[in-house]
Structure formats: structure tokens, C-alpha cells
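If you want the building blocks of each chain, they are given just below.
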Amino acid sequence: MNTIYVPALAAFGGSAFGAISSIITNWAAERRKNRVRRHSRSAAKREKLYKSFIAETSRLYADALVSDGYEISTLVDMYALIGQMKILSSDEVIAAAEKVATLIIATYVSPNRSFADVPGFVREVDPLRDFSDACRRELQLAGSD
């Protein structure tokens, strides 16, 4: 082999190596950005779902405390939200949501509270505390990934 080709091949090899490493670095950075974007969207979707669940169950719980009866159709939205959680959320969050649903149904079938009883009763039994705590833990863990 002619010695004139050695520097040319070395230069070509260095250029190829530089190009390949640049491509790999850009690919890895883009992949990392996409993963962060996916996690962020997932957390935002779960936050929105949890807010909807809290609003719906708060409304249902307040109604259950003072209402004489209920219709199954009033619970459909709550169970739809729990169904969505079964796709996106941890088992801990789902269990806490189902516990809230059970409490609401039990409250509907129990004797009504007078409006004067409601503030003390709600402080005594915070129906969403376990659910809120489970959601907070899940979202904090998702943020630390």
C-alpha cells in the first residue's frame, strides 16, 4: 500500500467518526427530550383527571349528606373517572378512589344530615384525604423520574 493513502484514510476515518458521534449524540438528546415531554404530558393528564374526580365526588358527597335519595345515573360520571384512572394511575390511587365511591354510596343510604351538622361532619370525615395523598405521592414520584 502506498504511504500517501494513510493520511487520507486517517482523515476520512476521523471525519466519519466525528459525524457518527454527532448523529448519536443528537439522537440521544432528542430521545431524552421526547421522554421528558411524554412524562410531562402524562402527569398533566393525570392532574386534570384527579381534579375532575375531586370536583365530581365533592359535589356527590355534599348531595349525599343532605339528599333523601339518589339515582344510579348520578354516579355514572364518578365511575367513568375511576375507569379512566384504571388506565393511567397507580393501584394506590385507584384503591383510594374506589374507597371514596364506596363512602359516597354509604352516605346516600345513611340518614340525612342537617345543614348545621355538615361542617363538623366534613372536618371529622374528610372523604378525599386518602385520595389526595395518594395522588400527590404518585405525581411526586412521576416528577422525580
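Predicted model only: the values in this text are computed from it and were never measured.

Asker: Can you break down the overall build of the protein residue by residue, with the values?
Answerer: Helix and strand content of the protein: 5 helices and 0 strands. What you see in the protein, going N to C, is helices and strands ordered as α-α-α-α-α. Scaling as 2.2 N^0.38, a compact globule of 145 residues should have a C-alpha radius of gyration of about 15 Å, whereas the protein reaches 28 Å, well beyond that. Dimensions of the protein, computed from the C-alpha atoms along their principal axes, are close to 100 × 30 × 20 Å. Out of the 145 residues in the protein, the part that is buried amounts to 25%. By sequence separation, contacts in the protein at least 24 residues apart represent 80% of the contacts at least 6 residues apart. On the protein, roughly 9900 Å² of surface is accessible, and the fraction owed to carbon and sulfur atoms is 60%. For the protein, the distance from the average position of its 19 positive side-chain charges to the average position of its 17 negative side-chain charges is 13 Å.

Asker: Describe the environment of Ala95, listing the residues and the values that go with them.
Answerer: Relative to the elements of secondary structure, Ala95 occurs in helix α3 (residues 91-109). Ala95 gets classed as partly exposed once you look at its relative accessible area, which sits at 42%. Sequence-wise, Ala95 and Leu60 are 35 residues apart; in three dimensions their C-alpha atoms are separated by 18 Å.

Asker: Before we move on, could you go through the packing of aromatic side chains and cite the residues and values that matter?
Answerer: In the structure shown here, the tally under the stated rule is 2 aromatic pairs. With a centroid separation of 4.6 Å and 50 degrees between ring planes, the pair formed by Phe53 and Phe131 is classed as tilted. Taken together, the residues span a long stretch of sequence, with Phe53 in helix α1 (residues 5-66) and Phe131 in helix α5 (residues 129-144) at a distance of 78 residues. Each of the two residues, Phe53 as well as Phe131, counts as buried. Three or more aromatic residues link up through ring pairs in this structure, and these residues are Tyr50, Phe53 and Phe131.

Asker: Pulling in residues and values, what's your account of a nonpolar patch on the surface?
Answerer: A cluster of nonpolar side chains, Ile20, Ile24 and Trp27, forms an exposed patch at the surface whose accessible area comes to about 350 Å². Considering the arrangement of structural elements, one finds Ile24 in helix α1.

Asker: Give a detailed account of the side chain of Ser89, specifying residues and quantitative values.
Answerer: Relative to the assigned elements, Ser89 resides in the loop between α2 (76-88) and α3. Assessed through its relative accessible area of 13%, Ser89 is described here as buried. In this structure, Ser89 is in contact with Arg46, Tyr50, Ile94 and Glu138, ignoring residues within four places of it in sequence.

Asker: Quick one: what's the story with a positive patch on the surface, residue by residue and with numbers?
Answerer: On the surface, Arg31, Arg32, Arg35, Arg37, Arg38, Arg41 and Lys45 cluster together into a positively charged patch. Summarising the element assignment, Arg38 is placed in helix α1.

Asker: Could you give an account of the packing of α1 against α2, naming the residues involved and the relevant values?
Answerer: The N-to-C vectors of α1 and α2 enclose an angle of 155 degrees; their axes lie 10 Å apart at closest approach. As judged from the angle between their axes, α1 and α2 are roughly antiparallel. Pair α1 / α2 crosses with left-handed handedness. Along its contact with α1, which presents Lys45, Arg46, Leu49, Tyr50, Ser52, Phe53, Glu56, Thr57 and Leu60, the element α2 presents Asp77, Met78, Leu81, Ile82, Gln84, Met85 and Leu88.

Cut-offs and rules
Residues take numbers from 1 onward in each chain, read along the sequence in its written order. Confidence filtering applies because this is a predicted model: local features only for residues at pLDDT of at least 70, side-chain atom pairs given and counted only at 80 or more, and all residues used for totals across whole chains, interfaces and linings. Side-chain calculation: all heavy atoms of the structure are included, whereas hydrogens and water are not. Secondary structure elements are defined from DSSP: runs of H or I of at least 4 residues count as helices, runs of E of at least 2 residues count as strands, and each element is numbered from the N terminus. Taken over C-alpha atoms, the radius of gyration is set against a globule rule of 2.2 Å times the number of residues to the power 0.38. Relative accessibility thresholds used throughout: buried, under 20% of the residue-type maximum; exposed, over 50%; partly exposed, between the two (1.4 Å probe, protein chains only). The contact criterion used is simple: two residues touch if any of their non-hydrogen atoms lie within 4.5 Å. Accessible surface is estimated by sampling points in the Shrake-Rupley manner with a 1.4 Å probe; for residues, cover comes only from the protein chains shown. When charges are tallied, Lys and Arg are placed among the positive residues and Asp and Glu among the negative ones, while His and the ends of the chain are skipped. By convention, the point assigned to a charge is CZ for Arg, NZ for Lys, CD for Glu and CG for Asp. The aromatic pairing rule takes the rings of Phe, Tyr and Trp, using the six-membered ring of Trp, and pairs them if the centres are within 6.5 Å, calling planes under 30 degrees apart stacked, those over 60 edge-to-face and the rest tilted. Patch members must show over 30% relative accessible area and no salt bridge, and they are joined within 9 Å when carrying like charges or within 5 Å when they are nonpolar side chains of Val, Leu, Ile, Met, Phe, Trp or Tyr. Criterion for a salt bridge: a side-chain nitrogen of Lys or Arg within 4 Å of a carboxyl oxygen of Asp or Glu. Only C-alpha atoms enter the line fits that serve as axes; for helices the fit covers just the stretch in contact. Angles between N-to-C directions range over 0 to 180 degrees. Here the angle decides the label: under 35 degrees means roughly parallel, over 145 means roughly antiparallel, 65 to 115 means roughly perpendicular, and every other value means oblique. We call a crossing left-handed when the near helix sits turned anticlockwise from the far one by less than a right angle, and right-handed when that turn is clockwise.

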